[in-house]
Number of protein chains: 4
Amino acid sequence: MSSTTRERIIDEAMHLFSEHGYAATSVAKIEAAAGLTAGAGGLYHHFTTKEAVLAAGIERQLSRLDALREIRRVLMPLGDRKAELTLIARYILAELDSESELLRILASEARNRPQMLSTAVDQLVNSTFEGFATWIGELADGQIPSEAARAIAVLGLGSLLSSRLLRDVLGAPFPVEDETLLSTWVQLMSATLDDFASRAGA
Amino acid sequence: MSSTTRERIIDEAMHLFSEHGYAATSVAKIEAAAGLTAGAGGLYHHFTTKEAVLAAGIERQLSRLDALREIRRVLMPLGDRKAELTLIARYILAELDSESELLRILASEARNRPQMLSTAVDQLVNSTFEGFATWIGELADGQIPSEAARAIAVLGLGSLLSSRLLRDVLGAPFPVEDETLLSTWVQLMSATLDDFASRAGA
Amino acid sequence: MSSTTRERIIDEAMHLFSEHGYAATSVAKIEAAAGLTAGAGGLYHHFTTKEAVLAAGIERQLSRLDALREIRRVLMPLGDRKAELTLIARYILAELDSESELLRILASEARNRPQMLSTAVDQLVNSTFEGFATWIGELADGQIPSEAARAIAVLGLGSLLSSRLLRDVLGAPFPVEDETLLSTWVQLMSATLDDFASRAGA
Amino acid sequence: MSSTTRERIIDEAMHLFSEHGYAATSVAKIEAAAGLTAGAGGLYHHFTTKEAVLAAGIERQLSRLDALREIRRVLMPLGDRKAELTLIARYILAELDSESELLRILASEARNRPQMLSTAVDQLVNSTFEGFATWIGELADGQIPSEAARAIAVLGLGSLLSSRLLRDVLGAPFPVEDETLLSTWVQLMSATLDDFASRAGA
DNA sequence: AATGAATGAGATTTCATTCAT
DNA sequence: TATGAATGAAATCTCATTCAT
């Protein structure tokens, strides 16, 4: 069960990091939470450094993310744009929710440990963005200039992302139900795409 | 150095808090940055506690925010909806930019010090949201149900907010120019409002 | 060095507390005296707080005191009152001497930390008093009113106690030899008891 | 009113020293209690050092003691030994009560600052003792050996002193009323003196 | 693999004292 | 004479990390 202890350490560490922050989480507390004796240094049989625990935790989350993204390709082609938008929104929210711990850690620590966390930010945010921007570009191909497609993607994703950042990172009581948020988002995106299309057609 | 020591302490502390986080900023570093001897405790002649410095800094930012908001009322009535949306967007981005330090601090610390920072989050985010939601509600009065108006406001603000959270909090290289972002946002909001209006008219 | 680190810490701390006072004894000095690196906080692996060291030290002294008191019951019945008084006095002085460290600490700190030290004062002083008062009451039973018996006990014990308080707490050069003190005390108590008895007999 | 501030500083300092101990009483607290601004160093216009305040306070108490002792000579010759003993006891208790603050300070600090406080201890305790011992010696002159007279004096004074040390220094709830204590003490001393006298007569 | 113990470094905070005003 | 501000030194306590067992 040597690998189990390692996993437990990562689990509990990510939990504590996201709840109290990296600096405020002592190695002793991680050990205690993982079932080891607090302060006895048992963690160091599995990781060289406290920071290595964070790195391993983030890596693990990212690989889970990769797995999740495999699914994305399967989801796409539905024919109906609104249905597709709904599916995309649901998928994005689900992804953000499954990564809320990571999100909180990134929000707290990204500025202090850029070399280690920039990859994570990139994968969590930017790669999602690229996929979405490409999809919008392909959707009405030629009709929407790529710069505009990128801007639409950024605004569309951003509006969903911010709902989670507000709730999970800033702890603000969010003022709208998820279902309303989702259907409004679909309408908003669909109206925008139509608008751009009609403008290009004119 | 015409400013008070107290002011300098707040300035430098907010700077350091936003750059390195609250926990990673020692009192000694704040003292050094404020021109006092590091580690001599000179800060404690002006504040009872390290946390009191944070509290004072946030209070000061919030009162600046209040001042900024006085302007908002003057800005509004332009007759042209797109012009108004452009103005709103510019104003919101400007506000967020002038509070980027506060934003970073809130993102790092809101979960650890909720009792102290919840007011700040509220004022920075929620009150802006309320104003915007009301404006949308009034704009096409009766035509957009209030629940939908709130959702549109949340998505519209969120898309602008997230551009700043990504850049300032997560440190992600933002993929779209501000001007493009702004004009696309105006089109997006305007298309959405038209869409809702035509739907209500039908 | 056959003793535990924990024991050594208590030993040295009580030493230093009694010599220089609680406040004037820094944790670093205790660590150094106990063979740990000064200022490294090694003490905190054994005690949560500097005050906890004092508490443990006092508790240990009190349990030694309890052990010592077991003997008292064996000592008593001798038949000869003067012999008994001599024995009692010797025992009381021996007890006070074996607790002189505790006595000094109590004298310095009892007013500042009442909740922690009141038990100790009680056990060290009051319980001895109760035993002595009872003995006097039984000795000439019925002949000495209980209020007077208590007063005699308090004065008798107090005169012995003050010899130690003067020497150990106030550091006054004590003007009488122990042997003289003791024999005079026996005569004093014995004369007093006789006086009360003859008064009751009249 | 320059002397008034000085007096106030001494007053409040002695108060605080006796209540919380010398080390636990900061200069800032003394200043505040004396009506000066805390931490502004106003105390240093009147004393060179925190320790100088203690020295001045003790000196002042000692000169008050001297004044009190002037009265002693007037009190003495009454002819009736029991009446004299009562008077002496009353006087000693009154003196101890008027010096209870000093007593507490001496008990806490005598071991840390011997050079400064030994004089005070000497005057407060030993000189009273010398007077009493002499009186006993003179009383039954020749009949009581001087060594025994000293021992009786030490025990008699000690029994009164300890009642005040227990109450004021150790904070122990004292188990006997003052009136009972006093009358019992008179009986005890008188019985003892009689006993010695009869022994010498035989 | 886990633990008890130790340590160097550093964090927050307090404080006696000084000095220009 | 009193004050606001500053400072060197030290105090309590925390912590990441190491090591013998």
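Residues numbered from 1 in each chain as written. Chains lettered and ligands numbered in written order. Predicted model: local features only at pLDDT ≥ 70, side-chain atom pairs only at ≥ 80, totals over all residues. Heavy atoms only, no water.

On to the overall build of chain A, then. In terms of regular secondary structure, chain A is built from eight helices and zero strands. When the helices and strands of chain A are placed in sequence order, the string is α-α-α-α-α-α-α-α. The principal-axis extents of the C-alpha atoms in chain A amount to approximately 70 × 30 × 30 Å. Across the 202 residues of chain A, 51% fall into the buried class. The contacts of chain A with a sequence gap of at least 6 include a subset with a gap of at least 24, amounting to 68%. (Helix = DSSP H or I, 4+ residues; strand = E, 2+ residues; numbered from the N terminus. Buried < 20%, exposed > 50% of the residue type's maximum accessible area, 1.4 Å probe, protein only. Contact = heavy atoms within 4.5 Å.)

Before going further, it helps to spend a moment on the interface of chain C and chain D. With 51 residues of chain C in contact, the opposing surface of chain D contributes 51 residues. Interface area lost by chain C to chain D is led by Arg-111, Leu-155 and Leu-170 of chain C, which between them contribute 17%. Linking chain C with chain D are zero salt bridges, by the criterion used here. Summed over the shared surface of chain C and chain D, the number is eight residue pairs in polar contact (both at pLDDT 80 or more). Broken down by secondary-structure element, the contributors of at least two residues to the side of chain C that touches chain D are α1 (5-20), α5 (100-109), α6 (114-139), α7 (146-169) and α8 (178-201) of chain C. The residue inventory of the side of chain C that touches chain D, partitioned by class, reads 27 nonpolar, 13 polar and 11 charged. (Buried area = accessible area lost by both parts, 1.4 Å probe. Salt bridge = Lys/Arg side-chain N within 4 Å of Asp/Glu carboxyl O. Polar contact = N/O pair within 3.5 Å; in protein donor to acceptor, adjacent residues only side chain to side chain. Nonpolar A, V, L, I, M, F, W, Y, C, P; charged D, E, K, R; others polar.)

This part is about the domain arrangement of chain A. All names here are of chain A. Parsing chain A into structural domains produces domain 1 (1-58) and domain 2 (78-201). If you look at the interface, domain 1 gives 12 residues, while domain 2 gives nine residues. Taking both partners together, domain 1 and domain 2 bury about 970 Å²; carbon and sulfur atoms supply 67% of that area. Inspection of the domain 1/domain 2 interface yields two salt bridges. Glu-51 serves as the salt-bridge partner of Arg-113, at 3.9 Å between the closest nitrogen and oxygen. At the boundary of domain 1 and domain 2, one finds four residue pairs in polar contact (both at pLDDT 80 or more). Among the elements of the structure, α1 (2-20) and α3 (50-75) are those that each provide at least two residues to the side of domain 1 that touches domain 2. Among the elements that make up the side of domain 1 that touches domain 2, the one with the highest residue count is α1 (five residues). (Domains from an automatic or database assignment.)

Next up on the list: the interface of chain A and chain B. With 51 residues of chain A in contact, the opposing surface of chain B contributes 51 residues. A combined buried area of about 4200 Å² lies between chain A and chain B, and 67% of that area is made up of carbon and sulfur atoms. It is Arg-111, Leu-155 and Leu-170 of chain A that lose the most area in chain A upon contact with chain B, and together they represent 17% of the buried surface on that side. At the junction of chain A and chain B, the tally comes to zero salt bridges. For the pair chain A and chain B, the interface holds eight residue pairs in polar contact (both at pLDDT 80 or more). For the side of chain A that touches chain B, the secondary-structure elements that each account for two or more residues are α1, α5 (100-109), α6 (114-139), α7 (146-169) and α8 (178-201) of chain A. Residue contributions to the side of chain A that touches chain B peak at 16 residues, all from α7 of chain A.

Our next topic: the protein's contact with DNA strand F. Around DNA strand F lies a shell of 34 residues, among which Val-27 and Tyr-44 of chain A, Ala-40 of chain B, Tyr-44 of chain C together with His-45 of chain D are the nearest. Put simply, 54% of the atoms of DNA strand F that lie within 4 Å of the protein are in sugar or phosphate. Measuring from a base nitrogen of DNA strand F, one finds a backbone N or O atom of Gly-39 of chain C at 3.5 Å. (Near = heavy atom within 4 Å.)

A word on the protein's contact with DNA strand E. Taken together, 34 residues lie near DNA strand E, and His-45 of chain A, Val-27 and Tyr-44 of chain B together with Val-27 and Tyr-44 of chain D sit nearest. Among the atoms of DNA strand E lying within 4 Å of the protein, the sugar-phosphate backbone contributes 54%. One of the backbone nitrogen or oxygen atoms of Ala-40 of chain A is found 2.9 Å away from a base oxygen of DNA strand E. In the model, a phosphate oxygen of DNA strand E is placed 2.8 Å from a nitrogen or oxygen of the Lys-50 of chain B side chain. Of the residues assigned to the surface near DNA strand E, the class counts are 10 nonpolar, 22 polar and two charged.

It is worth spelling out the arrangement of the chains at this point. Structurally, chain B and chain C remain out of contact, their C-alpha atoms never closer than 17 Å. Contact between chain B and chain D is absent, and the minimum C-alpha spacing across the pair is 9 Å.

What follows concerns the relation of the copies chain A and chain B. For these two chains of identical sequence, chain A goes onto chain B by a turn of 179° and a shift of 0.1 Å along the axis, with RMSD 0.5 Å. Both copies of the chain, as the preceding transformation shows, are related through a two-fold rotation axis. Comparing interface residues between copies, 100% of those in chain A also lie at the interface in chain B; the contact surface is shared. (Least-squares fit on C-alpha atoms with pLDDT ≥ 70 in both.)

Overlaying chain C with chain D gives an RMSD of 0.2 Å, the required rotation being 180° about an axis along which the chain moves by 0.1 Å. Of all interface residues in chain C, 100% are interface residues in chain D too; the two copies therefore contact each other through one and the same surface.

So, about helix α6 (residues 114-139) of chain B. If you check α6 of chain B, its first and last C-alpha atoms are 35 Å apart, about what 26 residues at 1.5 Å a residue would give, namely 38 Å. Of the residues making up α6 of chain B, those classed as buried are Leu-117, Ala-120, Val-121, Leu-124, Val-125, Asn-126, Thr-128, Phe-129, Phe-132, Ala-133, Trp-135 and Ile-136 of chain B. (Expected span 1.5 Å × (residues − 1).)

Next up on the list: the side chain of Thr-25 of chain A. Residue and element names in this part refer to chain A. Relative to the elements of secondary structure, Thr-25 occurs in the loop between α1 and α2 (27-33). For Thr-25, a relative accessible area of 1% corresponds to the buried category. Among the polar contacts listed, one links the side chain of Thr-25 to the backbone oxygen of Leu-16, at a separation of 3.3 Å. Sequence-distant contacts of Thr-25, defined by excluding residues within four places in its chain, comprise Leu-16, Phe-17, His-20, Ile-30 and Lys-50.

All names here are of chain A. Scanning the model with the defined rule gives 50 salt bridges over all chains in all. A salt bridge links Asp-97 to Arg-164, with the nearest nitrogen and oxygen atoms 3.0 Å apart. Here Asp-97 is found in helix α4 (residues 81-98), whereas its partner Arg-164 is found in helix α7, with 67 residues between them in sequence. Two residues, Arg-199 and Asp-195, come together in a salt bridge whose shortest N-O distance is 3.1 Å.

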